[in-house]
Amino acid sequence: MTSTENSITVTRTIDVPAKDVFALLTLPARHREFDGSGMVRSSEDTERITKVGEQFVMNMHAEDMGGDYRMYNHVTAFDHNKMVGWQPAQEQNKDQPAGWEWLYELTPLDSGDTEVSLTYDWSKVTDPKLRQIFPKVTEEDLEQSLNLLAAAVTAS
């Protein structure tokens, strides 16, 4: 685990090739399966993420956020079988991400396994009111996300 004032990164090894992990990460419809925060409910997007600049919508739920809400995720990183990331935007400003990012980085290991790093970075959040809620997701939530990702990809 690496933590700074504005980000948290957790890493674990998953016993499958990077291409299999990447295939799951790029399907928004399956993101609920590996959400360690418990906020992701579903996505109506059935298309695979294929490049930077794409957008996908997630149906979310958190009591402290008023219950059900939607996030409009803008793909900010994409390197086939190596990296995928996105910045969420709130519904009222769906074309303008608010400054935090989720980034998955995959490193193939000689054994055929994959080292997966998940970074939650809020360094670009500039709204002082919004900045107060960070970090909204804990290190434990991120570790749980990687545990759930491992379970989901090995069950696929």
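The name that an unreviewed UniProt entry assigns to the protein chain is SRPBCC family protein, with the source organism given as Brachybacterium huguangmaarense. Under the UniProt heading Sequence similarities (unreviewed entry), the note attached to the protein chain is "Belongs to the AHA1 family."

**Q** Looking at this structure, how should I read the packing of helix α1 (residues 18–25) against helix α3 (residues 139–155)?
**A** Describing two packed helices takes the angle between their axes plus the distance from one axis to the other. Running from N to C, α1 and α3 point in directions that differ by 105°, and their axes come no closer than 10 Å. If you check the angle between α1 and α3, you find them roughly perpendicular. Packed against α1, whose contacting residues are D20, V21, L24 and L25, the element α3 presents L149, A152 and V153 at the interface. The residue makeup of the contact of α1 with α3, split by class, is six nonpolar, no polar and one charged.

**Q** What's the story with α3 in this structure? I'm lost.
**A** Side chains of residues three or four places apart in an α-helix project in the same direction, reflecting 3.6 residues per turn. Over its 17 residues, α3 runs 24 Å from end to end, which matches the ideal 24 Å to within 8%, given 1.5 Å per residue. Considered for burial, the residues of α3 that qualify are D141, L142, S145, L146, L149, A150, A152 and V153. The inward-facing, buried residues of α3 contact β2 (7–14), α1, β7 (101–108) and β8 (114–121).

**Q** How should I be thinking about the sheet that holds β8 in this particular structure?
**A** Whether parallel or antiparallel, the strands of a sheet pair through hydrogen bonds between backbone atoms. The strand order across the open sheet built from eight strands is β1-β2-β8-β7-β6-β5-β4-β3, with neighbouring strands paired in antiparallel fashion. Pairing within the sheet leaves two strands with one partner each, and these edge strands are β1 (2–3) and β3 (40–42). In this sheet, β7 lies alongside strand β6 (residues 83–90) in antiparallel orientation, the contact comprising four bridges. Bridging from a neighbouring strand, W86 pairs with W102 of β7. In the packing of α1 onto the sheet, the strands contacted are β2, β5 (67–79), β6, β7 and β8, and the crossing angle to β7 comes to about 160°. Against the sheet, α3 engages β2, β7 and β8, with an angle of about 30° to β2.

**Q** Just checking my understanding: could you explain the UniProt feature "domain: Activator of Hsp90 ATPase homologue 1/2-like C-terminal" (unreviewed entry) in the protein chain for this structure?
**A** If you check UniProt for "domain: Activator of Hsp90 ATPase homologue 1/2-like C-terminal" (unreviewed entry), the listed places come out as residues 15–153 in our numbering. Secondary structure within residues 15–153 divides into 19% helix and 35% strand; the distance between the first and last C-alpha atoms comes to 9 Å.

**Q** Would you explain the packing of aromatic side chains in this entry?
**A** Any pair of aromatic rings gets described here by the distance separating the centres and the angle formed by the planes. This model, assessed by the stated rule, comprises nine aromatic pairs. Ring geometry for Y120 versus F134: centroids 6.2 Å apart, planes at 40°, classification tilted. A residue pair is termed long-range when its members are at least 10 positions apart, and Y120 in strand β8 and F134 in the loop between α2 (128–131) and α3 qualify at 14 residues. The class of Y120 is buried, set by a relative accessible area of 1%. An aromatic cluster of three or more residues is present, and its members are W100, W102, Y120, W122 and F134.

**Q** Where do I start with the nonpolar core in this structure?
**A** Burial of nonpolar side chains together is a common tendency in soluble globular proteins. Among the nonpolar cores identified, the biggest contains 41 residues, and V21, W100, Y104, Y120 and L149 are the most heavily contacted of them. Looking at this core, the elements that each hand over two or more residues are β2, α1, β4 (55–62), β5, β6, β7, β8 and α3. A total of six residues in this core trace back to one element, the largest contributor, which is α3.

**Q** Can you help me understand the environment of K129 in this one?
**A** Within the secondary structure, K129 is located in helix α2. Separated by 20 residues in sequence, K129 and L149 place their C-alpha atoms 32 Å apart.

**Q** Looking at this structure, I do not really get unusual backbone geometry. What am I missing?
**A** Excluding glycine, residues mostly have negative phi values, and the peptide bonds linking residues are mostly trans. Note the cis peptide between F134 and P135, where omega equals -5°. Its place among the elements puts P135 in the loop between α2 and α3. Unlike most non-glycine residues, N81 shows phi in positive territory, near 65°. Position of N81 among the secondary structure elements: in the loop between β5 and β6. Take N81: its relative accessible area is 23%, and that puts it in the partly exposed class.

Cut-offs used in this document
Residues numbered from 1 in each chain as written. Predicted model: local features only at pLDDT ≥ 70, side-chain atom pairs only at ≥ 80, totals over all residues. Heavy atoms only, no water. UniProt positions renumbered as here; feature names shortened; annotations may be inferred. Axes fitted to C-alpha atoms, helices over the stretch in contact; angles between N-to-C directions. Helix = DSSP H or I, 4+ residues; strand = E, 2+ residues; numbered from the N terminus. Parallel < 35°, antiparallel > 145°, perpendicular 65-115°, else oblique. Contact = heavy atoms within 4.5 Å. Nonpolar A, V, L, I, M, F, W, Y, C, P; charged D, E, K, R; others polar. Expected span 1.5 Å × (residues − 1). Buried < 20%, exposed > 50% of the residue type's maximum accessible area, 1.4 Å probe, protein only. Pairing = 2+ DSSP bridges. Phe/Tyr/Trp six-rings, centres within 6.5 Å; stacked < 30°, edge-to-face > 60°. Core = buried A, V, L, I, M, F, W, Y, C linked by side-chain atoms within 4.5 Å.

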